[in-house]
Amino acid sequence: MSDSFQLAGVSFSSRLIIGTGKYRSYDEMKSAHKASGAEMVTVAVNRVPLDGSAESFLDHLDPSMRILPNTAGCYDAEHAIRTSRLAREALETEWIKLEVIGDPITLLPDNEQTLEAAKVLVKEGFIVLPYFTDDLIMAKKLLDAGCPAVMPLAAPIGSGLGVQNPANLRIMREQLPDATIIVDAGVGVPSDAAIAMELGADAILMNTAIAEAGDAAQMATAMKLAVEAGRLAYLAGRMPKRLYASASSPIAGAIK
């Protein structure tokens, strides 16, 4: 597709961001990443040996991909801030996907702790991409805090339930027309990705839907195409919904 995706002054041709967890092998991960066409990959800082003391998926990433460290596993702002600082030093990047989890069962984010951490990290020069519930007011607060984008969930992490509150994402898009919105978490199948993009998301971040598929590379290709199709549909503008039928070939003026 010709329309590029701009984020913090960087241009991406792919609107799909991919993860690194749950793959059955490094070779499978690499083939899925290649098939996805993604140009940015997120890695969990708390789950890899950043000092290079042991082999990890970091050793198998395409060097052309931008690494987006994330603070998965953090349950308060202080831990997330400390993890972000560690990521900046170890991976030499100021980009951070900010996650502050509020519940260990649902893995739903703690929006208040997320906002608290975001304010600190933005002041320290980080490019903060915050994961939060699909809440318009919190989105506004995070953007006001200096985040260049917001990352509302579609459904709980790893659930594969798809977009559970399409109205919330649609409202967020309409009320924040200039904001960069990246749907994160909950996508299960390509149709979920297409729906999120049709609602106006600028991009989608996903991991489990691809990594746990029977054929990860094939699913990555499907997700790539779904993201592109959803984006094109959003740009094209959908037809209005009608309660009654509307003939494709109107009879007005037809020969009787």
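No experiment lies behind these values; they were computed from the predicted model shown.

## Considering empty space enclosed by the protein
- Within the structure shown, the criterion is met by one cavity of 30 Å³ or more.
- A volume near 40 Å³ is recorded for the largest cavity.
- Lining the largest cavity, in full, are L169, R173, I181, V183, A196, L199, G200 and A201.
- The class makeup of the residues in the lining of the largest cavity is six nonpolar, one polar and one charged.

## Observations concerning the environment of Q113
- In this fold, Q113 is placed in helix α3 (residues 111–123).
- Look at Q113 and you get partly exposed, because its relative accessible area is 22%.
- Here Q113 is in contact with D76, A77 and V100, once residues within four sequence places are set aside.

## A word on the layout of surface pockets
- Size it by volume and the largest pocket reaches roughly 610 Å³.
- Forming the walls of the largest pocket are 32 residues, and the residues nearest its centre are R47, E99, I157, N207 and T208.
- Secondary structure elements with two or more residues in the lining of the largest pocket: β4 (40–44), β10 (203–206) and α7 (208–211).
- It is β4 that contributes the most residues to the lining of the largest pocket, three residues altogether.
- Residue composition of the lining of the largest pocket, grouped by class: 14 nonpolar, twelve polar and six charged.
- One number sums up the size of the second largest pocket: a volume of about 460 Å³.
- What lines the second largest pocket is a set of 16 residues, and nearest its centre among them are R170, E198, L199, Y234 and R238.
- Secondary-structure elements contributing two or more residues to the lining of the second largest pocket are α5 (166–175), α6 (190–198) and α8 (216–236).
- Element by element, the count of residues in the lining of the second largest pocket is highest for α5, at five residues.
- A class-by-class count of the residues in the lining of the second largest pocket yields nine nonpolar, one polar and six charged.

## Some details on the pattern of salt bridges
- This model, assessed by the stated rule, comprises ten salt bridges.
- The shortest N-O distance in the salt bridge between R24 and E28 comes to 2.7 Å.
- Look at E28 and you get buried, because its relative accessible area is 15%.
- Between R88 and E124 there is a salt bridge, with the nearest N and O atoms lying 3.9 Å from each other. Placement of R88 in helix α2 (residues 77–91) and of E124 in the loop between α3 and β7 (127–132) is noted, with a sequence separation of 36 residues between them.
- Look at E124 and you get partly exposed, because its relative accessible area is 29%.
- In this structure, a network of salt bridges that share partners links the residues R85, R88 and E124.

## Considering the pairing of β7
- Across the six residues that make up β7, a large majority, six, are buried.
- The two faces of β7 match: I127, L129 and Y131 on one face and V128, P130 and F132 on the other face are all buried.
- Relative to β7, strand β6 (residues 95–98) is paired through four bridges, and the arrangement is parallel. Across the sheet, K97 pairs through a bridge with L129, a residue of β7.

## Thoughts on the packing of α3 against helix α4 (residues 136–144)
- Across the interface, α3 lies against α4 with an axial gap of 9 Å and an inter-helix angle of 10°. Comparing their axes, α4 and α3 come out roughly parallel. Listed contacts from α4 to N111, T114, L115 and A118 of α3 are M138, K141 and L142.
- Considering only residue class, the contact of α3 with α4 consists of four nonpolar, two polar and one charged.

## Brief notes about the side chain of T42
- Residue placement: T42 occurs in strand β4.
- Of note is the side chain of T42, whose polar atom sits 2.8 Å from the side chain of N70.
- In contact with T42, not counting residues within four places along its chain, are I18, G19, T20, L68, P69, N70, K97 and L205.

Quick notes on the rules
Residues numbered from 1 in each chain as written. Predicted model: local features only at pLDDT ≥ 70, side-chain atom pairs only at ≥ 80, totals over all residues. Heavy atoms only, no water. 1 Å grid on protein atoms, 1.4 Å probe; cavity = no way out; pocket = protein on both sides within 12 Å on 5 of 7 lines; lining within 4 Å. Points joined across faces, edges and corners; volume = space filled by probe spheres on them. Nonpolar A, V, L, I, M, F, W, Y, C, P; charged D, E, K, R; others polar. Helix = DSSP H or I, 4+ residues; strand = E, 2+ residues; numbered from the N terminus. Buried < 20%, exposed > 50% of the residue type's maximum accessible area, 1.4 Å probe, protein only. Contact = heavy atoms within 4.5 Å. Salt bridge = Lys/Arg side-chain N within 4 Å of Asp/Glu carboxyl O. Pairing = 2+ DSSP bridges. Axes fitted to C-alpha atoms, helices over the stretch in contact; angles between N-to-C directions. Parallel < 35°, antiparallel > 145°, perpendicular 65-115°, else oblique. Polar contact = N/O pair within 3.5 Å; in protein donor to acceptor, adjacent residues only side chain to side chain.

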